Amino acid sequence: MIIDLDKFLAEERAHWTALESLLAQIEKFPERRLKLDELLRFHELYERASADLAKIETFASEPEVHRYLEALVARAYSEIHETRSKARRFHPWRWFVETFPRAFRRRIRPFGLALAITIVGSVFGGVAIGIDPEAKQIIMPFSGLQGDPVERVRKEEAAKQDRLAGQKSTFAAELMTHNTQVAVFTMALGVTWGAGTMVTLFYNGVILGAVAVDYIRAGETAFLLGWLLPHGVIEIPAILLGGQAGFLLAGALIGWGSRQTRRDRLREVSPDLVTIIFGAAVLLIWAGMVESFLSQYHAPVIPYALKIAFGAVELAVLTLFLIRSGAPSHRKSTAAP
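Values in this document were obtained by computation on a predicted structure and should not be read as measured data.

Caption draft 1: Geometry of the overall build of the protein. What the protein contains, in helices and strands, is twelve helices and zero strands. A compact globule built from 337 residues would reach a C-alpha radius of gyration of about 20 Å, whereas the protein, at 28 Å, exceeds it by more than 25%. Counting all 337 residues of the protein, 44% fall into the buried class. Contacts in the protein between residues at least 24 apart in sequence constitute 80% of all its contacts with a sequence separation of at least 6. When the accessible surface of the protein is totalled, it reaches about 19,300 Å², and 64% of it is carbon and sulfur. Taken as two groups, the 38 positive and 35 negative side-chain charges of the protein have centres that lie 3 Å from each other.

Rendered as structure tokens:
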């Protein structure tokens, strides 16, 4: 029995609001599994709201509070007793803007490792070219990169015809296919306990560092940035995502002191593994289109400053997307009366 109604409402509103906020998160992200402490908190708030509903029924002068608590308790009851056995419809856009970035953030440490190895490789490649410029004949995988950067830039800027005329879509498809294969291969090499993934990332870094130093030493920094940034700020992170997935797979295979069986560890990481590598594939589709329709065109056709600015904007958007997209909202839902 409630003796002081005003005091009762003042004390209990915070608990009702907390339950409503938790319900809103559960309903917004139905695929997310609550942690043990969150489950216990949810059950405690549900029982408290149920008890408060029983108490408030004795006050006929508070119909709004009564209706609010009835609806709140009914929502909580439905969530507790719902089996969720029915398969949920797949929403590609929601998967990309919510599930993918959340999986990336959950497994951020393997991504950090992939980034660190690539940076080390880039430093190695840059130093190698700086010490011995002839080393690029061995390091560079493509003949087009083995020549004189100044001569290449001169030819590119003097070109009068569009060498990709009528072939842009085909070239973009080839880029998407090749780069996606590289990302998937980098992930698959995780089965070597991460050794193959590490070598692939290091070598990619070596090439990147060698190319950068070669063009900077030749005084072609603007060309380098205008050529690489538009597609590279998407393509390189996508390859790093492949490395992230590879190290995630390696960690599940090795165990790192876990008491779970290998099968259980693989089952636990497989949803994030698939999400990350498919997310990388989506990014590589965009990178392929940008490289085909923008990166291959140089000044005076497209000013370098414009291409560099475009790449900078892409990098900022991608960073914000991976860091913030899909994050739970902390805003409270409709307040209790």
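Caption draft 2: Highlighting the side chain of Thr186. Looking at where Thr186 falls in the secondary structure, it is placed in helix 8 (residues 168–188). Exposure remark for Thr186: the relative accessible area of 0% places this residue in the buried category. Ignoring sequence-local partners within four residues, the contact set of Thr186 consists of Thr197, Thr200, Leu201, Gly242, Gly243 and Gly246.

Caption draft 3: Geometry of the packing of aromatic side chains. Applying the stated criterion across every chain yields a total of twelve aromatic pairs. With centroids separated by 6.0 Å and ring planes inclined at 45°, the aromatic side chains of Phe100 and Phe321 adopt a geometry described as tilted. In this pair, Phe100 sits in helix 4 (residues 92–106) while Phe321 sits in helix 12 (residues 304–324), placing the two residues 221 residues apart along the sequence. The same class applies to Phe100 and to Phe321, which are both buried. With a centroid separation of 4.9 Å and an interplanar angle of 75°, the aromatic rings of Phe104 and Phe111 are classed as edge-to-face. By relative accessible area, Phe104 is classed as buried at 5%. A network of ring pairs unites the aromatic residues Trp95, Phe96, Phe100 and Phe321 as a single cluster. One residue, Arg152, lies across the ring of Trp227, its end atom 4.3 Å from the ring centre.

Caption draft 4: Geometry of a nonpolar patch on the surface. A cluster of nonpolar side chains, contributed by Leu115, Ile119, Val123, Val127 and Ile131, occupies part of the molecular surface with about 460 Å² of accessible area. One can find Val127 in helix 5 (residues 108–131).

Caption draft 5: Broad picture of helix 1 (residues 5–28). The end-to-end C-alpha separation of helix 1 is 33 Å, in line with the 34 Å expected for 24 residues at 1.5 Å each. Bending of helix 1 peaks at approximately 35° at the position of Glu12. Where helix 1 is concerned, the buried positions are Leu5, Phe8, Leu9, Glu12, His15, Trp16, Thr17, Leu19, Glu20, Leu22, Leu23 and Ile26. The inward-facing, buried residues of helix 1 contact helix 2 (36–56) and helix 3 (63–81).

Caption draft 6: Examining the confidence of the model for the protein more closely. Chain-level statistics for the protein give a pLDDT mean of 89 and a share of 93% at 70 or above. Taken together, the stretch residues 331–337 has pLDDT below 50 and engages in 13 contacts with residues farther than four places along the chain or on a different chain.

Caption draft 7: A look at the packing of helix 4 against helix 12. Remark: helix 4 packs on helix 12, axes separated minimally by 7 Å, with the N-to-C direction vectors making an angle of 80°. Looking at the two axes, helix 4 sits roughly perpendicular to helix 12. In this structure, helix 4 uses Phe96, Val97, Phe100, Pro101, Phe104 and Arg105 to contact helix 12, whose residues at the interface are Phe321, Leu322, Ile323 and Arg324. Split into classes, the residues belonging to the contact of helix 4 with helix 12 amount to eight nonpolar, no polar and two charged.

Quick notes on the rules
- In this numbering scheme, every chain counts its residues from 1 along its sequence in written order.
- Owing to the predicted nature of the model, reporting of local features is limited to residues with pLDDT of at least 70; listing and counting of side-chain atom pairs is limited to 80 or more, with chain, interface and lining totals taken over all residues.
- No hydrogens and no water enter the side-chain calculation; it runs on all heavy atoms of the structure.
- Numbering of helices and strands runs from the N terminus; a helix is a DSSP stretch of H or I covering at least four residues, while a strand is a stretch of E covering at least two.
- Both definitions apply: the radius of gyration is a C-alpha atom measure, and the globule rule equals 2.2 Å times residues to the power 0.38.
- We call a residue buried when its accessible area falls under 20% of the maximum for its residue type, exposed when it is over 50%, and partly exposed in between, using a 1.4 Å probe and counting protein chains only.
- Should any heavy atoms of two residues lie within 4.5 Å, those residues are counted as being in contact.
- Values of accessible area rely on a 1.4 Å probe in the Shrake-Rupley scheme; residue burial ignores everything except the protein chains shown.
- Positive: Lys, Arg. Negative: Asp, Glu. His and the chain ends are not part of the count.
- Note that the charge is assigned to NZ on lysines, CZ on arginines, CG on aspartates and CD on glutamates.
- Two rings belonging to Phe, Tyr or Trp (six-membered ring only in the last case) form a pair when the distance between their centres is within 6.5 Å. Interplanar angles under 30 degrees mark stacking, angles over 60 mark edge-to-face geometry, and anything in between is tilted.
- Any Lys NZ or Arg CZ found within 6 Å of a ring centre and within 35 degrees of that ring's normal is scored as a charge over the ring.
- Patches here: salt-bridge-free residues with over 30% relative accessible area, like charges joined within 9 Å, nonpolar side chains (Val, Leu, Ile, Met, Phe, Trp, Tyr) joined within 5 Å.
- The salt bridge definition used is simple: a Lys or Arg side-chain nitrogen within 4 Å of an Asp or Glu carboxyl oxygen.
- An expected span of 1.5 Å times one less than the residue number is assigned to each helix.
- A residue's bend is given by the angle between axes fitted to the 7 residues ending at it and the 7 residues starting at it.
- The predictor's confidence in any single residue is recorded as pLDDT, a number from 0 to 100.
- As a rule, the C-alpha atoms of each element are fitted with a line to give its axis, helices using only the stretch in contact, and angles between N-to-C directions run from 0 to 180 degrees.
- We call two directions roughly parallel when the angle between them is under 35 degrees, roughly antiparallel when it is over 145, roughly perpendicular when it lies between 65 and 115, and oblique otherwise.
- Three residue categories are used. Nonpolar comprises Ala, Val, Leu, Ile, Met, Phe, Trp, Tyr, Cys and Pro, charged comprises Asp, Glu, Lys and Arg, and polar comprises the others, including Gly.

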